[in-house]
Amino acid sequence: DKRFFHRIDKTVNNNFVNGSASETLNTYDSYGNIITSVVNVGSSSGTTVSAIETTTTTSSFGTHNTPIPSKPDRVTVSKLRSGATSLSSTVQYNYTSNGLVSSQVEFYGQPKAVTTSYSYNSFGNSTSVTISATGVTSRVTNLTYDNRGRFVLQKQIVPGTALAQTETFTYD
């Protein structure tokens, strides 16, 4: 069994009007997933970019009801600007047994990490989305669908206080 992938290892974009340029360098795993992407933004000198800002995205993939690793487990984005300290943020994904996202944690590993949890019906439609963080009241969005699971009939946002917002939808 042979598999072929189109891979773009490097791209360079030059803006000749203002003299800026960007360069993207990608690294792939054996399944064709981009595991590292480095974007340099700055000025151009030929086919290379003198970077003022560098953004590095690192991803790890897992098999979540897929035959090959194709869904991200963790994505880390780091930004470095010349003369400044590096900033980074990580998002971690968790999945249900049938491959749907059960939760994602933004700012993973940080004290104020934000967790978004998802619940689904038998059609795979999201029925509840809960956003929570330490020290903050959770916000819950509940969705109700028609009997065939095709159309949203009601959307209710409960921000953790007595005030709830409900939207009702009708279709013809």
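Data block above holds the structure.
What counts and what doesn't
Residues numbered from 1 in each chain as written. Predicted model: local features only at pLDDT ≥ 70, side-chain atom pairs only at ≥ 80, totals over all residues. Heavy atoms only, no water. Pairing = 2+ DSSP bridges. Helix = DSSP H or I, 4+ residues; strand = E, 2+ residues; numbered from the N terminus. Axes fitted to C-alpha atoms, helices over the stretch in contact; angles between N-to-C directions. Salt bridge = Lys/Arg side-chain N within 4 Å of Asp/Glu carboxyl O. Buried < 20%, exposed > 50% of the residue type's maximum accessible area, 1.4 Å probe, protein only. Contact = heavy atoms within 4.5 Å. Phe/Tyr/Trp six-rings, centres within 6.5 Å; stacked < 30°, edge-to-face > 60°.

A. Representation of the sheet that holds strand β5 (residues 71-81) in the model. On the basis of which strands lie adjacent, the open sheet formed by 12 strands has the order β1-β2-β3-β4-β5-β6-β7-β8-β9-β10-β11-β12 and antiparallel pairing. The open sheet has two edge strands with one neighbour each: β1 (10-15) and β12 (165-168). For this sheet the average axis-to-axis angle between neighbouring strands, irrespective of direction, equals 10 degrees. Both strand β10 (residues 136-145) and strand β11 (residues 152-158) contribute to a ladder of six bridges, which runs antiparallel. Within β11, the position partnered with Tyr145 by the bridge is Val152.

B. Representation of the pattern of salt bridges in the model. Overall, the coordinates contain two salt bridges when judged by the stated rule. For Arg81, the salt bridge identified is with Glu53, shortest N-O distance 3.4 Å. With a gap of 28 residues between them, Arg81 in strand β5 and Glu53 in strand β4 (residues 48-62) connect regions that are remote in the sequence. The exposure class of Arg81 is partly exposed, given its relative accessible area of 44%.

C. Region of the structure containing the side chain of Ser59. Of note, Ser59 is situated in strand β4. According to the relative accessible area criterion, Ser59 is buried, its value standing at 14%. Ser59 has contacts with Ile34, Ile35, Arg74 and Val75, leaving out every residue within four places of it along the chain.

D. Up close: the packing of aromatic side chains. Inspection of every chain in the model, using the stated rule, returns two aromatic pairs. With centroids separated by 6.5 Å and ring planes inclined at 20 degrees, the aromatic side chains of Tyr118 and Tyr120 adopt a geometry described as stacked. We classify Tyr118 as partly exposed; its relative accessible area is 23%. Take Tyr120: its relative accessible area is 27%, and that puts it in the partly exposed class.

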